[in-house]
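Letter by letter, the chains look like this.
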There are 2 protein chains.
Amino acid sequence: MPIDDPVALSLSGERLTAIYRIRAADEGAALLRAQDICLEQTVEFPAALIPSELIRAQIVGSVDALTAAGSGAWDVRIRYPVEAAGAELTQLVNLLFGNVALQPGVRLMDFSLPDGMLAGFRGPRFGITGLRGLLAVHDRPLLCTALKPMGLSAQALAALAYELALGGIDLIKDDHGLTDQPFCPVDERIGRCAEAVERANRETGRRCLYLPNVTAPAGEIARRARAAKAAGAGGLLFCPGLAGLDAMRALADDAGLAMPILGHPAFIGGLALSPDAGLSHKVLYGRLHRLAGADAAIFPHHGGRFAYSEAECRDILAGCTDAMGELAPIFPVPAGGMQLGRVRELRAFYGRDCILLIGGDLHAGDEGLIARARRFVALAGSD
Amino acid sequence: MPIDDPVALSLSGERLTAIYRIRAADEGAALLRAQDICLEQTVEFPAALIPSELIRAQIVGSVDALTAAGSGAWDVRIRYPVEAAGAELTQLVNLLFGNVALQPGVRLMDFSLPDGMLAGFRGPRFGITGLRGLLAVHDRPLLCTALKPMGLSAQALAALAYELALGGIDLIKDDHGLTDQPFCPVDERIGRCAEAVERANRETGRRCLYLPNVTAPAGEIARRARAAKAAGAGGLLFCPGLAGLDAMRALADDAGLAMPILGHPAFIGGLALSPDAGLSHKVLYGRLHRLAGADAAIFPHHGGRFAYSEAECRDILAGCTDAMGELAPIFPVPAGGMQLGRVRELRAFYGRDCILLIGGDLHAGDEGLIARARRFVALAGSD
């Protein structure tokens, strides 16, 4: 039996590249590990048993470079044929890190797609420039807050949204834990909050956007997004770790929606935790969020309730904004227990092109929500 | 402004429970950490600012028990109101582990839902009993293999499928890296492989099932699953980490499909790697796969190409088969570089109710695929 068909396996020769950090005893061991990755991520088959030279030459990944990365680690660049990813984000993620995600001592540090392949992804529909245009805010970081705490009725959340919009917040999102709970049904919440923000906008003349959470069961995501659009919501909050990176891509690609998307790291953020495994912060919050069409990526800034380091936050900034073919740069959204007292520091760290997300701290003190929101705006706008 | 609505917040009092392993300096620190989780996973709001006693009492999680787990770790049991999860798998996962996934030193060890809530999940449509019934194999582990390597044409893969089915394999799945590549288009592969297995079944009188991979872009999953059903495929392979746990649940719940589902751990398996963070093996491969409707969960058995320990594999076995309301027990599928020489050991470890998955090793040696598959059957069936 002819086990392969040479005609069918005539690939373009175009390659995408991935950089992995490998922990190993020495360079030789790192190289062996890298060669294992080349097999594991493609044929998943013992090298000696591959039934065709064409597959060995065209499908199996190839080690392109190996450089010492200090303290028992090596960075290896591996090239894969673009055809192995098909034209699917799901399979691209699988090719880059599907099986090796289960192996300790290997971390995906970065990846790069050739222009022809990148062109297959629309990416962020708005990005930094587009979102600034929607809001007509160009000279300072954008300001975001979350409707919370869980347990409030739709009516109470709408009352908060109204005050926050009056106070000058640019983006008011649902807390990501608000979905469709009996004490706060999704359609009622979306309707009331969208109306409240619109009412405030009529009074202020500003363009505050309400972004409901449409992280939902598979068959329900599109319905909620359309309901949000119909109700006048200005964008969407989505947790790709809970409902799928490609489900976010589908929302971003939907021309009938054409709404900016804020990505939230619930659940998936755990893949960046260990420095010796998982995904780099740049890959998770920058590369993957952009490929999946997010216009902004929420992550925990260092020194809040989470454990990311300054270096990791800089890595996220780079991933959100560096060159990636024609894909738009997106806003980094440092969050996770940020407070008004840190606004200047955040602005200095990320520059003007970031979204500052402050939740609970807007509710602190005695000055009231509107006044405190105004102070947030003033702090963010002052140099 | 009345910040909450007491009428709307009259919850049932029913609680689900989660057990977290917390790394801490001492018991006091562990308790503080546990109390933080109670807030983080629900209101995500500073305790002092919660605007209502009703929310504090009914929404915020509560620490139920704290026990030492050895070497600087404590196991804490936290109770959450069932209403906080709504009736959605996406939000249940978020409630259990959304934000804390981003914090080191906290691992979700197990969770338990009250019967009323479990009844909202159909879970595995077949499970161990149902899948055995489909195959009419009751007295030995089921045998599975994967069509590979990537790079073969649909025709070549179908030729392999035919031989493997003749050799007596019960379940023939696509390799999870086979999606819709130009060298092996999905519809052609599904059609040819389903036909090849059916042809072999006519010759053998057996009921081998072909399970194509339907891990795909969000809008394409259901189409591929229906195409698979129409072509005569007997089940589905799905990677919940790549395309969403709830997307697997939607496939399992689809009465028009009613096909057994084999879950593959690509990408999501990374969340179980660190003993100090992420998800326990029991939660990932047992609890979540069953809630999401998988009939079998593939994972790397210890001693293969991956790093799971014996204890972790036992934890998976428990999660797949222990009591979980009316949800069917499912097959553990130890895999990841298994070889014929380990069949007896695997059978001793997992008992009869497992699926043995051997890929590359069926292609080794000189005896030929059919003969080697027959030897696999003989090894698995002998006591």
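Keep in mind the model is a prediction, meaning the values are calculated, not measured. (Residues numbered from 1 in each chain as written. Chains lettered and ligands numbered in written order. Predicted model: local features only at pLDDT ≥ 70, side-chain atom pairs only at ≥ 80, totals over all residues. Heavy atoms only, no water.)

Along the backbone of chain A there are 14 helices and 13 strands. Scaling as 2.2 N^0.38, a compact globule of 383 residues should have a C-alpha radius of gyration of about 21 Å, and chain A matches this with 23 Å. Principal-axis analysis of the C-alpha atoms gives chain A an extent of 75 × 45 × 35 Å. Split into buried and exposed, the 383 residues of chain A put 64% on the buried side. Considering only intrachain contacts with a sequence separation of at least 6, the fraction spanning at least 24 residues in chain A is 74%. For chain A, the exposed area adds up to about 12300 Å²; of that, 52% sits on carbon and sulfur atoms. Here chain A carries 37 positive and 43 negative side-chain charges, and the mean point of each set is 7 Å from the other. (Helix = DSSP H or I, 4+ residues; strand = E, 2+ residues; numbered from the N terminus. Rg over C-alpha atoms; globule rule 2.2 N^0.38 Å. Buried < 20%, exposed > 50% of the residue type's maximum accessible area, 1.4 Å probe, protein only. Contact = heavy atoms within 4.5 Å. Areas by Shrake-Rupley, 256 points an atom, 1.4 Å probe, with all protein chains shown as cover. Lys, Arg positive; Asp, Glu negative; His and termini not counted. Charge placed at Lys NZ, Arg CZ, Asp CG, Glu CD.)

A few words now on the state of the cysteines. Residues and elements named next belong to chain A. This model, assessed by the stated rule, comprises 0 disulfides over all chains. Cysteine Cys 184 is unpaired, with the sulfur of Cys 193 as its nearest cysteine sulfur at 7.1 Å. Looking at the unpaired Cys 208, the closest cysteine sulfur is the one in Cys 144, lying at 9.2 Å. Judged by relative accessible area, which is 4%, Cys 208 ranks as buried. (Disulfide = S-S within 2.5 Å.)

Note that the two copies of the chain are related through a rotation about an axis and a translation along the same axis. For the pair chain B and chain A, the superposition axis carries a translation of 0.0 Å, the fit reaches an RMSD of 0.0 Å, and the rotation angle comes to 180 degrees. The two molecules are tied by a two-fold rotation axis, judged by turn and shift. Proximity to the rotation axis, assessed at the C-alpha, singles out B:Gly244 in chain B; its C-alpha lies 2.3 Å from the axis. (Least-squares fit on C-alpha atoms with pLDDT ≥ 70 in both.)

Turning our attention to the domain arrangement of chain A. Residue and element names in this part refer to chain A. Partitioning chain A into structural domains gives domain 1 (15–116) and domain 2 (127–381). Here the C-alpha centroids of domain 1 and domain 2 sit 34 Å apart. Counting the surface lost from both domain 1 and domain 2, the interface buries some 1400 Å², and carbon and sulfur atoms represent 62% of this. Broken down residue by residue, the surface that domain 1 buries against domain 2 is led by Leu 89, Arg 107 and Phe 111, which jointly contribute 46%. Scanning the region where domain 1 abuts domain 2 turns up 3 salt bridges. Where Lys 282 meets Asp 110, a salt bridge forms, and the shortest distance between an N and an O atom there is 3.7 Å. Our count for the domain 1 to domain 2 interface comes out at 12 residue pairs in polar contact (both at pLDDT 80 or more). Within the residue set of the side of domain 1 that touches domain 2, elements represented by two or more residues are α3 (89–97) and β4 (106–112). (Domains from an automatic or database assignment. Buried area = accessible area lost by both parts, 1.4 Å probe. Salt bridge = Lys/Arg side-chain N within 4 Å of Asp/Glu carboxyl O. Polar contact = N/O pair within 3.5 Å; in protein donor to acceptor, adjacent residues only side chain to side chain.)

Mapping A:Ala231 onto the fold places it in helix α8 (residues 221–231). Those residues in contact with A:Ala231, other than ones at most four positions away along the chain, are A:Ile190, A:Gly191, A:Ala194 and A:Glu198.

Residue and element names in this part refer to chain B. The strand order across the open sheet built from 4 strands is β7-β6-β5-β13, with neighbouring strands paired in parallel fashion. Every other strand in the sheet has two partners, leaving β7 (209–211) and β13 (355–357) as the edge strands with one partner each. Strand after strand, the sheet turns through a mean of 25 degrees between neighbouring axes, direction not considered. Contacts between helix α7 (residues 186–204) and the sheet are confined to β5 (142–147), β6 (171–174) and β7, with β7 contributing the most and set at about 165 degrees to the helix. (Pairing = 2+ DSSP bridges. Axes fitted to C-alpha atoms, helices over the stretch in contact; angles between N-to-C directions.)

All right, on to the environment of B:Gly72 then. Residue and element names in this part refer to chain B. Structurally, Gly 72 can be placed in the loop between β2 (62–68) and β3 (73–81). In the structure, Gly 72 is positioned 42 residues away from Ala 30 in sequence and 9.3 Å away in space, judged by C-alpha atoms. The contact partners of Gly 72, leaving out residues within four places of it in the chain, are Ile 22, Arg 23 and Ala 24.

What follows covers the pattern of salt bridges. Tallied over the full model, the rule gives 60 salt bridges over all chains. Close ionic contact of B:Asp246 with B:Arg249 constitutes a salt bridge, the shortest N to O distance being 2.8 Å. Note that B:Asp246 and B:Arg249 are positioned in helix α10 (residues 245–253) at a spacing of 3 residues, about one turn of the helix. Note on B:Arg249: relative accessible area 18%, which makes it buried. Because the salt bridges share partners, they merge into one network encompassing A:Glu88, B:Asp187, B:Glu220, B:Arg223 and B:Arg224.

Right, let's get into the interface of chain B and chain A. Chain B puts 82 residues into the contact, and the matching count from chain A is 81 residues. Here chain B and chain A share an interface that buries about 6800 Å² over both sides, 67% of which is from carbon and sulfur atoms. Three residues, B:Leu102, B:Met150 and B:Phe267, lead the burial of chain B against chain A; their summed loss comes to 12% of the area buried on that side. The salt bridge partner of A:Lys148 is B:Glu44, with a shortest N-O separation of 3.9 Å. Seen at the junction of chain B and chain A, the total is 20 residue pairs in polar contact (both at pLDDT 80 or more). For the side of chain B that touches chain A, the elements supplying multiple residues, two or more each, are α3 (89–97), α6 (154–166), α9 (240–243) and α10 of chain B. In terms of residue count, the dominant contributor to the side of chain B that touches chain A is α3(B) (5 residues). Broken down by class, the residue content of the side of chain B that touches chain A amounts to 48 nonpolar, 20 polar and 14 charged. (Nonpolar A, V, L, I, M, F, W, Y, C, P; charged D, E, K, R; others polar.)

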